[in-house]
Amino acid sequence: MEKVLQNKVETIDLWIGGKRITPIKNNYFNDLNPEDDSIFARVAEGEKNDIEYAVLNAHEAFKTYRHSLAKEREEYLLKTALLVEKYQKDFVNILIKEVGSPIGKALYEVEYAINCLRAAAGIARRINGQTLPSDNVGRFALTMRQPLGVVGAITPFNVPLLKSTKLSSSPLATGNTVVLLPSEEAPMITSLLVDMYHEAGLPPGTVNMVTGKGAIIGDSLTTHPLVKAVMFTGSSRVGKHIGELCGSRMKRCLLELGGKSPLVILEDADIEAAVDAAVSGQFFFQGQACMASSRIYVDKKIEAKFLSRFIEKTEALTLGDLDDPNTFVGPIISQRQRDRIQHHIQDAFEKGAKIHTGGEWIGNRCKPTILSGVNDTMKVFQEETFGPVTSVYSIDGLDEAIEWANKSNYGLSSAIFTKNLNHAFRFMQEIEAGMVHVNAPTILDEPHVPFGGVKDSGFGREGTDIDVETLTELKWATINLT
Ligand code: NAD
């Protein structure tokens, strides 16, 4: 194991059929450290034929793995959880260097991955059918659940360990086999997870990983006839494309996409708690979070007070060494993302928005930025910025808050701060979002909950319990006893 870990720091190869293999064309690309864009690793650039090979291996492995016992799958996943715990330092180190995670975020992700593997182990024994009454004398009726086959799992750069674990552990728990296509900006962390699965004893071919450029090879995975379901997390643009490809092939897909999550703060809110939720909910991982509170609606009666405390606490966030537990804000993943964030701030400023704090860069880090005076002509209003930039809007009471909060193409998470139970309940019912929290930040996630969004934020829900439905085929069976 030690040798494998050392090897991986330099070069990442494909994982197919229980072996690390070089890509067919022997091409490699650079995986950059976002702090200074230095080369962190060399990564196998898989192409169409590598995907084909991985899918065939996964399909072959499925023929046996589908008959594995629940207790065996449970044990593989629990062993993997123990291994992730054992190699926690390696995971944290990669999350810091590969995607620029402050150590607090890296530790959160590793802990989540361990919990997720344990939660997934728990569903292996809960893949239940039912007995049903029949309208015919002597007919015994039942339902049974069966695994689908090969599942394609495609992950984003921002929570790469969390998502690689979530999108692979449930398929494995339910008796499916997996081909992982990790973000080209975060392949090494997924590679280490796949090492752990193999070390835990999962049979060859049950978990495969093809690294490469998703925009070039993603379609060959999505459209492969032997891939029976696609679990995707990423941008709404790519998600819609995958949804179209799956829809026309009658293939299951789970789409966890972008967000522009509203945080509503009513007049009677606990302002300090709301400020803390705004700071942590927006600037966690420098705003590169799908559930970030990128729209903050504050009642005009408390707006001035909220804004001054929000600015104060935001300016206290530190941009230090990523290994330092006090550091909250790290670098932005890529030049493409940095340009986008810069463009959104500039566009808002030129169209009349006020920058209360931030808007400046230190190397590849953008200082946490708070805007007001934002209107619907500005990019920052219309699109996901995916950086440390949020806008504060003034509202007059609950009705206006709900009206504005729903004026978005996205509908992932949402939150409200109020002491009024009736207002909280109305918001929970009327907000157009897959997730809603009262007196809590917009960023919340647990492995077993139904996680997901509406509108452009996605299709379907992920989470261990609901994954049993997504990842198994329900069959009605009868036995004629007469
Ligand atoms: P992205 O859409 O650019 O890439 C996501 C993945 O899709 C990558 O692995 C990429 O290689 C792959 N890909 C690209 N084109 C493809 C194609 N044609 N077929 C198949 N795969 C393809 O997203 P990103 O920049 O890595 O991540 C940020 C986005 O992810 C944001 O929009 C964010 O909101 C979203 N996100 C959503 C959730 C959620 O649970 N809803 C969680 C994390 C991130």
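Everything quoted here is computed from the prediction, not taken from an experiment. Each residue is numbered by its place in its chain's sequence as written, counting from 1. Given that the model is predicted, a residue must reach a pLDDT of at least 70 before its local features are reported, and side-chain atom pairs must reach 80 or more before they are shown or counted; all residues, however, enter totals for whole chains, interfaces and linings. Side-chain calculation: all heavy atoms of the structure are included, whereas hydrogens and water are not.

K.L.:
In this structure, what is going on with the site of the ligand? I would like to understand it.
P.N.:
The nearness test applies per residue and asks whether one of its heavy atoms lies within 4 Å of the molecule or strand. Near the ligand, the surroundings consist of 29 residues, among which Thr-155, Glu-184, Ser-235, Leu-257 and Glu-384 are the closest. We call two N or O atoms a polar contact when they sit within 3.5 Å, provided that within protein one can donate a hydrogen and the other can accept it, with sequence-adjacent residues counted only if both atoms are side-chain atoms. With respect to the ligand, the backbone of Thr-155 contributes an N or O atom lying 2.8 Å from an oxygen atom. Within the backbone of Ser-183, an N or O atom sits 3.4 Å from an oxygen atom of the ligand. For the area figures, the Shrake-Rupley method with a 1.4 Å probe applies, and any residue is considered shielded solely by the protein chains shown. Coverage of the ligand by the protein amounts to 94% of the 840 Å² it exposes when considered alone. Every helix listed is a DSSP run of H or I at least four residues long, and every strand listed is a run of E at least two residues long, numbered separately from the N terminus. Listing elements by their share of the shell around the ligand, those giving two or more residues are helix 8 (214-222), strand 11 (227-233) and helix 9 (236-247). As used throughout, domain bounds are those supplied by an automatic or database domain assignment. When residues of the shell around the ligand are sorted by domain, at least three fall in each of domain 1 (10-257 + 456-477) and domain 2 (261-447).

K.L.:
Is there a simple way to think about the sheet that holds strand 21 (residues 415-417) in this case?
P.N.:
Pairing between strands is defined by DSSP: at least two bridges between the two strands are required. Read across the sheet, seven strands follow the order 15-18-19-14-13-21-22 without closing on themselves; strand pairing throughout is mixed. In the strand order of this sheet, the two ends are held by strand 15 (354-357) and strand 22 (437-438), each with one partner. Looking at chain direction, strand 13 (residues 262-265) and strand 21 are connected through three bridges and run parallel. Within strand 21, the position partnered with Leu-263 by the bridge is Ala-415. Sheet strands in contact with helix 15 (residues 421-430) are strand 13, strand 21 and strand 22, and its direction is about 170° off that of strand 21. Contacts are residue-level and defined by heavy atoms, with any inter-residue pair within 4.5 Å sufficient. Whenever a helix is involved, its axis is fitted only over the stretch in contact; in every case the axis is a line through C-alpha atoms, and angles between N-to-C directions fall within 0 to 180 degrees.

K.L.:
Whenever I open this one, the UniProt feature "domain: Aldehyde dehydrogenase" (unreviewed entry) in the protein chain confuses me. Can you help?
P.N.:
As annotated by UniProt and renumbered to match this structure, "domain: Aldehyde dehydrogenase" (unreviewed entry) occupies residues 27-476. Within residues 27-476, the helical portion is 42% and the strand portion 21%, while the C-alpha atoms at the span's ends are 48 Å from each other. UniProt positions are given in the numbering used here, feature names are shortened, and annotations may be inferred rather than shown by experiment.

K.L.:
Could you clarify how one ought to interpret the packing of aromatic side chains in this entry?
P.N.:
A ring pair, where both rings are aromatic, is described by two values, the distance of the centres and the angle of the planes. Side-chain rings of Phe, Tyr and Trp (the six-membered ring for Trp) are treated as a pair once their centres are within 6.5 Å; stacked means planes under 30 degrees apart, edge-to-face means over 60, and tilted covers the remaining angles. Summed over all chains, the structure comprises nine aromatic pairs. Pairing Tyr-108 with Phe-284 gives two aromatic rings, centres 5.9 Å apart and planes at 90°, and the pair type is edge-to-face. Separated by 176 residues along the polypeptide, Tyr-108 in helix 5 (residues 103-123) and Phe-284 in the loop between helix 10 (271-283) and strand 14 (295-299) bring together distant segments of the chain. Here's how the labels work: a residue is buried when its accessible area is under 20% of the maximum for its type, exposed when over 50%, partly exposed in between, all with a 1.4 Å probe on protein chains only. Judged by relative accessible area, which is 31%, Tyr-108 ranks as partly exposed.

K.L.:
For this particular structure, what's the right way to read the sheet that holds strand 7 (residues 139-147)?
P.N.:
Hydrogen bonds between backbone atoms are what pair the strands of a sheet, whose relative direction is either parallel or antiparallel. The sheet built from three strands is open, its strands ordered 6-7-25 with antiparallel pairing. Here the strands that pair on one side only, and so sit at the sheet edges, are strand 6 (131-132) and strand 25 (472-480). When strand 6 meets strand 7, the two strands line up antiparallel, connected through two bridges. Following the sheet pairing, Thr-131 is matched in strand 7 by Leu-142.

K.L.:
What is the right way to read the pairing of strand 14 from this model?
P.N.:
Across a regular strand the side chains alternate sides, sitting on one face of the sheet and then on the other. By the criterion of burial, strand 14 is predominantly enclosed, with five of the five residues buried. In this structure, strand 13 lies alongside strand 14, joined through four bridges in parallel fashion. Along strand 14, the bridge assignment pairs Ile-265 with Val-298. Handedness of a crossover: with both strands directed away from the viewer, a clockwise path from the first strand across the helix to the second marks it as right-handed. Handedness of the crossover joining strand 13 and strand 14 through helix 10: right-handed.

K.L.:
Quick question: what am I supposed to make of the domain arrangement of the protein chain here?
P.N.:
By a frequent convention, interface size equals the accessible area lost on bringing the separate parts together. Parsing the protein chain into structural domains produces domain 1 (10-257 + 456-477) and domain 2 (261-447). On a C-alpha basis, the centroid separation for the pair domain 1 and domain 2 is 31 Å. Every contact between the two is made by 29 residues of domain 1 and, on the other side, 31 residues of domain 2. What gets called buried area is simply the loss in accessible area from a 1.4 Å probe that two parts show on being joined, summed for both. Regarding the contact of domain 1 and domain 2, the summed buried area is about 2400 Å², with carbon and sulfur atoms giving 57% of it. For domain 1, the biggest contributors to the area lost against domain 2 are Glu-35, Pro-102 and Phe-157; these three give 22% of the whole. The salt bridge criterion pairs a side-chain nitrogen of Lys or Arg with a carboxyl oxygen of Asp or Glu, the two atoms within 4 Å. Scanning the region where domain 1 abuts domain 2 turns up three salt bridges. Residues Asp-37 and Arg-338 are paired through a salt bridge, measuring 3.1 Å at the closest nitrogen-oxygen approach.

K.L.:
Please clarify how the environment of Glu-446 should be interpreted in this entry.
P.N.:
Secondary-structure assignment places Glu-446 in the loop between strand 22 and strand 23 (454-455). On the basis of relative accessibility, which here comes to 44%, the residue Glu-446 falls in the partly exposed class. Counting along the chain gives 375 residues from Glu-446 to Lys-71, while the straight-line C-alpha distance between them is 24 Å. The residues contacting Glu-446, other than those within four sequence positions of it, are Tyr-112 and Lys-166.

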